[in-house]
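Descriptive structure summary
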Amino acid sequence: MNVLVTGGAGFLGSWLCEKLVQKKYNVYCLDNLSSGKTTNIDSLRKEKNFEFIRHDIISPFGTEEKFDIIYHLACPAAPFQYQKTPVNTLLTNSAGSLNVLELARKNDCPVFISSTSEVYGDPDIVPTPETHRGYVSPIGIRSCYDEGKRYSEALFKAYERQYGIDTRIVRIFNTYGPKIRGDGMYGRVIPNFIRQVLKNEDITIYGDGNQTRSFCYVEDLIRAFILVGESEIARGEIFNIGNPHEITVNELADTMIEITGAKSKKIHLPLPEDDPKRRCPDINKITQTFGWKPEVSLKEGLQRTIEWIKTN
Ligand code: UDP
């Protein structure tokens, strides 16, 4: 099996590459290293069945290699980062997804995309099922990402309808675990809070902290990626992937303090524009189709992530 993973040096991409290398597939990892890191794939580069290709998917990717499946993960995903270069975020999801689909067409192979819960925007049905059409601002600061991913999804379905391409779409909810970028500039809530509690600094809660998220441990998520990527039954389907355990940002901060025994205090900063109030997946479809459900509890996953951030 020859597998191409775009965004393969990123947080999720490098975990996916690792699992595919373990399955003895030939893994081609494509990344422009804008948010991915070579340290994520250092150990894989020693393997014979792994190859790293530095390339930005916004430009067409020409290769003689024949792929049996493509996993398209390339895209900045942290709000701070995708908002810093919004034009690139949109191009990755338009030109980038187009290039990936053309490659799938040439190879006549299945193509998988990691879309996002952000296509639901600020949903009025929570837990949110795949049938929800979303409540998204086309001009808000998050629109480069959420409208970008909506366009990618539309393009995937268009290729399926017009050219008969085998597409699989997953909408992923907040994910965390080792290899998540812990440097402040990416500013996602879990690495931010971990850095703060490890130094006994104030925990920065945006807004009143009553907004909710549902956090899925990365290995649970990657298991679902491979099920969807490899099962014929997933052809043409869309699945939510996430952990339906919904908690407020305040509760997340309290859990961090409890686990680490930190002396940090919670402080409140302004809520970013268009910050969704609630986010939680309805995972009935993927559970009924594959029997998949998350196995790692938030406390266990946080402990593993804290250990990784301490040593990295
Ligand atoms: N957040 C926070 N403090 C931080 C970073 C984020 O309170 O230091 C909040 C943020 O406003 C959002 C939630 O935590 O409500 C999750 O933010 P993140 O950037 O991780 O991802 P999002 O779910 O917004 O894409």
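Residues numbered from 1 in each chain as written. Predicted model: local features only at pLDDT ≥ 70, side-chain atom pairs only at ≥ 80, totals over all residues. Heavy atoms only, no water.

**Focus on the pattern of salt bridges**
Once the charged atoms of two side chains with opposite charge are near each other, the side chains can pair. Inspection of every chain in the model, using the stated rule, returns 23 salt bridges. Note that Arg 304 and Glu 300 form a salt bridge whose closest N and O atoms lie 2.8 Å from each other. Of this pair, Arg 304 and Glu 300 both sit in helix 9 (residues 298-311), four residues apart, roughly one helical turn. A relative accessible area of 33% places Glu 300 in the partly exposed class. Each of Lys 19, Glu 219, Glu 300 and Arg 304 takes part in salt bridges that share partners, so that together they form one network. (Salt bridge = Lys/Arg side-chain N within 4 Å of Asp/Glu carboxyl O. Helix = DSSP H or I, 4+ residues; strand = E, 2+ residues; numbered from the N terminus. Buried < 20%, exposed > 50% of the residue type's maximum accessible area, 1.4 Å probe, protein only.)

**Some remarks on the state of the cysteines**
If you walk through the whole model with that rule in mind, you get zero disulfides. Sulfur of Cys 17: no disulfide; nearest cysteine sulfur belongs to Cys 29 and is 4.3 Å away. In this model Cys 280 remains outside any disulfide bridge; the closest cysteine sulfur is found in Cys 216, 11 Å from its own. Note on Cys 280: relative accessible area 2%, which makes it buried. (Disulfide = S-S within 2.5 Å.)

**Description of the sheet that holds strand 5 (residues 111-116)**
Spatially, seven strands are ordered 3-2-1-4-5-6-11 in an open sheet, and the strand pairing comes out parallel. With one partner strand each, in any of the chains shown, strand 3 (50-54) and strand 11 (238-241) form the two edges of the open sheet. Within the sheet, the average angular offset between the axes of one strand and its neighbour, ignoring direction, is 20 degrees. Bridge count between strand 4 (residues 69-72) and strand 5: three bridges; the pairing is parallel. Directly across from His 72, in strand 5, lies its bridge partner Ile 113. Running at roughly 170 degrees to strand 1 (residues 2-6), helix 1 (residues 11-22) makes contact with strand 1, strand 2 (26-31), strand 3, strand 4 and strand 6 (167-172) of the sheet. Strands in contact with helix 4 (residues 143-163) are strand 4, strand 5, strand 6 and strand 11; relative to strand 5, the strand with the most contacts, it is inclined by about 155 degrees. (Pairing = 2+ DSSP bridges. Axes fitted to C-alpha atoms, helices over the stretch in contact; angles between N-to-C directions. Contact = heavy atoms within 4.5 Å.)

**Considering the environment of Arg 168**
By the element assignment, Arg 168 lies in strand 6. Classification of Arg 168 by relative accessible area gives buried; the value is 2%. Through-space distance from the C-alpha of Arg 168 to that of Val 228 is 7.1 Å; in sequence the pair is 60 residues apart. In this structure Arg 168 touches Pro 110, Val 111, Phe 112, Ile 113, Val 228, Gly 229, Glu 230, Ser 231, Glu 232, Ala 234, Arg 235 and Glu 237, once residues within four positions along its chain are discounted. At 2.9 Å, the side chain of Arg 168 and the backbone oxygen of Ser 231 are in polar contact. (Polar contact = N/O pair within 3.5 Å; in protein donor to acceptor, adjacent residues only side chain to side chain.)

**Quick notes on helix 6 (residues 218-230)**
Between the first and last C-alpha of helix 6 there are 18 Å, a value that for 13 residues agrees with the 18 Å anticipated at 1.5 Å per step. Those residues of helix 6 not exposed but buried are Val 218, Asp 220, Leu 221, Ile 222, Ala 224, Phe 225, Ile 226, Val 228 and Gly 229. (Expected span 1.5 Å × (residues − 1).)

**Let's talk about the side chain of Thr 255**
As for its position among the elements, Thr 255 is in helix 7 (residues 249-260). The exposure class of Thr 255 is buried, given its relative accessible area of 14%. Other than its neighbours up to four places away in sequence, Thr 255 contacts Lys 299 and Leu 302.

**A closer look at the packing of aromatic side chains**
For the structure shown, the criterion picks out eight aromatic pairs. Between Tyr 71 and Phe 112 the ring centres are 4.9 Å apart and the planes differ by 55 degrees, which places this aromatic pair in the tilted class. One end of the pair, Tyr 71, is in strand 4; the other, Phe 112, is in strand 5, and 41 residues separate them in sequence. On the basis of relative accessible area, Phe 112 is assigned to the buried category, the value being 0%. Ring geometry for Tyr 120 against Phe 173: centres 6.2 Å apart, planes inclined by 35 degrees, an arrangement best described as tilted. With Tyr 120 in the loop between strand 5 and helix 4 and Phe 173 in the loop between strand 6 and strand 7 (175-176), this pair connects stretches of sequence that are 53 residues apart. Assessed through its relative accessible area of 3%, Phe 173 is described here as buried. Through pairs of rings, three or more aromatic residues link up here, namely Tyr 71, Phe 112 and Phe 225. Directly above the aromatic system of Tyr 163 lies the positively charged group of Arg 105, at a separation of 3.7 Å from the ring centroid. Note that Lys 285 overlies the ring of Phe 239, its terminal NZ or CZ placed 4.9 Å from the centroid. (Phe/Tyr/Trp six-rings, centres within 6.5 Å; stacked < 30°, edge-to-face > 60°. Lys NZ or Arg CZ within 6 Å of the ring centre and 35° of its normal.)

**Notes on a nonpolar patch on the surface**
A cluster of nonpolar side chains, contributed by Tyr 206, Ile 267, Leu 269 and Leu 271, occupies part of the molecular surface with about 300 Å² of accessible area. When you line up the elements, Tyr 206 lands in strand 8 (residues 203-206). (Patch = residues over 30% accessible without salt bridge, like charges linked within 9 Å, V, L, I, M, F, W, Y side chains within 5 Å. Areas by Shrake-Rupley, 256 points an atom, 1.4 Å probe, with all protein chains shown as cover.)

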